[in-house]
Structure formats: C-alpha cells, structure tokens
Amino acid sequence: MLVVHSNPLAEPGSGDAGGMTVYVRQMAASLAQRGIKVDIFTRRDDAATPTEMTLRPDVRVIQVVAGSPELSKEQIPAYLPEFSANLLKMVEDSGVTYDVVHSHYWLSGKVAAIVSARWKVPFVHTFHTLGREKNRARRPGDSPEPEFRLDGEARVIADACAIVASTVEERRALIELYAAHPERIHLIPPGVDHSTFRPQDREAAKQALGLDGKKVMIFVGRLQPLKAADIAIEALGHLVRWGRVNLDEIRLLIVGGASGTSGASETGRLGDLVERLGLKEAVQFVPAQPHHRLPAFYQAADVCLVPSYTESFGLVALEAQASGVPVVGSAVGGLKAIVKHGQTGFLVLPGASESFAERAWMVLSDSRLAAGMGRLAVCSSGDFAWDRSAGELHDLYTAGVRSNDCSPSSMWSGNKPFGSRTIVLKRP
Ligand code: UDP
C-alpha cells in the first residue's frame, strides 16, 4: 500500500490524519488476517521514528525519505519524484516483490503509476476525497483545490487498473466529474470495528466523563470549515434560544483537532462563535483522541451531529451508530448511505442549523424514539465490517494478479483486467 502524505502511524483526528488513516490501518490488518502480507509505504515525516515498524503481524509501515520531515501536504507534490525514486531503490535493494500495489489519495496514485509500470503489477486506487467534489462544497475560508490536483486525479483515473469507491455517490462523482470508466470502479465500503464501537450503559459512560444528568450531543472530527462544527454549535444555540434546554442541562462535546490550511483559524472561529452565542458553559472542546479512546465519548452521547458539507464516506457516523447513538447528519455523500432517515437518525440539508437543532431535539426529548433509533443504528451498522470489505478487496486483488496485465494501453484496448469482473455488494 502507498499512503504518501498521511503517515498511518499518526493518530487520527487532527492534521492530515483522519478517516484514511483508520481505513488503511484496518484494511491492512484485515487483509493480514486473510493471509496477505502488507507493506505500507509512507513519506518519512518524523526523523525520530525507525524507518520500518511492525503495526501488527504481517503489516509493516516503511517510511521513505522525500524532502524534509516537516513538509506540508501542499508541498508534497514537488517531492513525488524523489519519493518514487527512493521507494524503487529501497524495494529493489531489499529483493522483496509485490503482487499488487494499492494507493490511497491522488498523491499516492501518481507514485503507484510509476512503480506498478516498473514492477509490472496491477495497481488499485482509492481516492478517499476528490478535489472537484471538495471544490463544489467549498466554504468561505477554504482555498480551492488546485488545478494540478484535479489534473493529477484525472491521470490516476486513467492509469489505475481499478478504482475502489466507498459509496455509489463517490462512484457517480468519479463518472460525472472525471469521466471515469464505470467498469473500472468497484464499490467496496469501509467498515467499523464492532468489538470497539458497541453500545454500553450510557449513564455510566456519562458519569465517567463527569456528564451525569446532562443531555449530551457530540461532534467528532478534524476541525476545518467543511466539517462544519459551527453548525453543531449554532444548533445548540437554537435549542437554548428556543427555551428547549437550559445551559446547565446540556453539553456539546467537540472532539478533534485543527486540520488543513484553515484549521488554525477554524479553531479560533469556533471559540469566538461559542463566546458570541453565550454557550461557553455548555460546549466542551476535547483535543483529538486516540481512536481506541473514542468509544468512551460516543457511548456517553445521546445524539451525534455530523454536519459536514461534503463527506466521501463518514466513518464518524458509522462509529456512532455502531455505538448505539442516533445520528443527525447532512444529506451528503456517504452519510446518505449510513444514516437511514427516520430510522437510525435524520438527514438534513447541509448548513441548516435550525433543522439540525429540531432533529437533535426530537432525539433528545423522546427517550422511546431515541432508544428505538439507537437499536436500529446498531443493526444497520452491521452491514459494514472491515473483514467483509477486506474480503471484497482480496477478491479484487486476486482478479488483478490472475490477469497479470494492467498496462494503461491494455485498459484502453478493451482488455481490462478488472473491467470484466463485477463485484456486486450484497448486503443482508
Ligand atoms: N478520529 C479519531 N480521533 C479524534 C477524531 C476523529 O480517531 O479525535 C477518527 C474517527 O474515529 C474516524 C476518523 O477519525 O474514524 C474520521 O473519519 P471520517 O470518515 O469521519 O472523516 P475524514 O477524516 O475521513 O474526513
């Protein structure tokens, strides 16, 4: 696996580490359980860590030097040739050979095109986010995704043997915004670790966090304008202004750290908003938590708000539902596949803070509705599991290895190694 710009050793929840980090770690672990050895190559972003680390048996993280450790994501494109050259040398010197290359995010796709051509092995790509989709949902304060990213993504789509899309929405975006060939796109959703994210006694969980007796709303994610934590704060403001709750009866937890070029100003903006709306007593900013610590927070929540303007999948919504927490989310991207409107939570228009408030209040004020939704949320999350997704990925890899021909020219001549194979997801 190639994941150039986001080191999977970093804890998710701030900076560049988020859903993709969780996806890469979990998929690698589940593939390893199926007997596939996985090496994850990433750019060395910390000179203090060893070049090679074992994440779990059969999964290694190997750091490749390209530029100085502290480069920002925006600076990385200029260092892709150095990354590719160092990666080729490292692997070829070691004598290890690979059957398949799976790249994550467009930067890694550019490297995958080079190494897969040299090693004559197929390459599978997962985008995680698409520049054109992000530009469509861009918020004030966010800079547009640059042309070179959009061009780079188009190039990766042309070069990859197979593209893994997490949802039908992402598949549609790949076809409509990038003219991707539908046959080359394979729908494989991410999963959730049900042994970690599961329901627990909510009152005990609240007590553990010092929230006993409070109604608790939660927002989890990297803090940047597209994630719209401000909408969660405004929703709380409406509930207080409408006289539904007093400040001492409710808490909004915002769990996560600054991310991206606008991350630093975003945390300031959110703090100012809390101040302006007079909500200081009721809003708790919790710094990014290691992934294994998050269940303690979800389990204490009565409702989870996911107000993102765009979300290619939305692991947070899935983790909350697996923990038995109803979700009020924006009707965008993967959230439309995860949240079953009226059953496991509610879908509302992105940016509509009053609607978030109204729907959240329906859950907060009606314990029978909340309990029913929580139960359905757990059932519905059962459709997603890392092991099942890894099985589908395994099938895809195996098809590529068998065909053993993945040159771009063969793609265009109709001899598509993955093209003839359709993996149809059948969910119970
Ligand atoms: N996350 C975490 N700690 C935090 C905040 C978030 O581990 O403090 C994790 C969260 O559990 C989820 C991931 O980061 O698995 C975010 O994924 P999502 O798909 O919701 O958003 P993305 O980061 O991909 O935009």
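For the structure itself, look to the data block above.
Residues numbered from 1 in each chain as written. Predicted model: local features only at pLDDT ≥ 70, side-chain atom pairs only at ≥ 80, totals over all residues. Heavy atoms only, no water.

Q: Would you take a moment to explain empty space enclosed by the protein for this structure?
A: Gaps between atoms show up when a probe of the same size as a water molecule is rolled over them. For the coordinates displayed, the defined rule picks out one cavity of 30 Å³ or more. Counted as a void, the largest cavity has a volume near 30 Å³. Lining the largest cavity are Val 22, Gln 26, Gly 191, Val 192, Asp 193, Phe 197, His 291, Glu 319 and Trp 386. (1 Å grid on protein atoms, 1.4 Å probe; cavity = no way out; pocket = protein on both sides within 12 Å on 5 of 7 lines; lining within 4 Å. Points joined across faces, edges and corners; volume = space filled by probe spheres on them.)

Q: Would you mind showing me how to read the layout of surface pockets here?
A: Here the second largest pocket is characterised by a volume of approximately 480 Å³. Lining the second largest pocket are 23 residues, and of these Ile 36, Lys 37, Tyr 98, Asp 99 and Val 100 lie nearest its centre. For the lining of the second largest pocket, the elements supplying multiple residues, two or more each, are strand 1 (38-43), strand 3 (59-64), strand 4 (101-104), helix 3 (105-119) and helix 15 (386-403). Of the residues belonging to the lining of the second largest pocket, the class tally is 14 nonpolar, four polar and five charged. (Helix = DSSP H or I, 4+ residues; strand = E, 2+ residues; numbered from the N terminus. Nonpolar A, V, L, I, M, F, W, Y, C, P; charged D, E, K, R; others polar.)

Q: Would you explain the packing of helix 13 (residues 353-365) against helix 14 (residues 367-381) in this entry?
A: Two measures define how a pair of helices packs: the angle their axes make with one another and the distance between the axes. The contact between helix 13 and helix 14 brings their axes to 5 Å, and the two run at 100°. It follows that helix 13 is roughly perpendicular to helix 14 by the angle criterion. Counted together, Met 362, Val 363 and Ser 365 of helix 13 and Ser 367, Leu 369, Ala 370 and Met 373 of helix 14 form the full contact between these two elements. Looking at the contact of helix 13 with helix 14 residue by residue, the class counts come to five nonpolar, two polar and no charged. (Axes fitted to C-alpha atoms, helices over the stretch in contact; angles between N-to-C directions. Parallel < 35°, antiparallel > 145°, perpendicular 65-115°, else oblique. Contact = heavy atoms within 4.5 Å.)

Q: Please explain the site of the ligand as it appears in this structure.
A: For the ligand, the set of nearby residues contains 19 residues, the closest of which are Arg 222, Lys 227, Gln 289, Leu 315 and Glu 319. Between Gly 19 and the ligand, the recorded distance is 2.9 Å, taken from a backbone N or O atom to an oxygen atom. Take Arg 222: an N or O atom from its side chain is 2.8 Å from an oxygen atom of the ligand. Considering the ligand on its own, with 540 Å² of exposed area, one finds that the protein chains cover 92% of that surface. At the level of elements, helix 1 (19-33), helix 10 (294-298) and helix 11 (315-322) are the ones that each hand at least two residues to the shell around the ligand. Looking at the shell around the ligand, its residues break down into nine nonpolar, six polar and four charged. (Near = heavy atom within 4 Å. Polar contact = N/O pair within 3.5 Å; in protein donor to acceptor, adjacent residues only side chain to side chain. Areas by Shrake-Rupley, 256 points an atom, 1.4 Å probe, with all protein chains shown as cover.)

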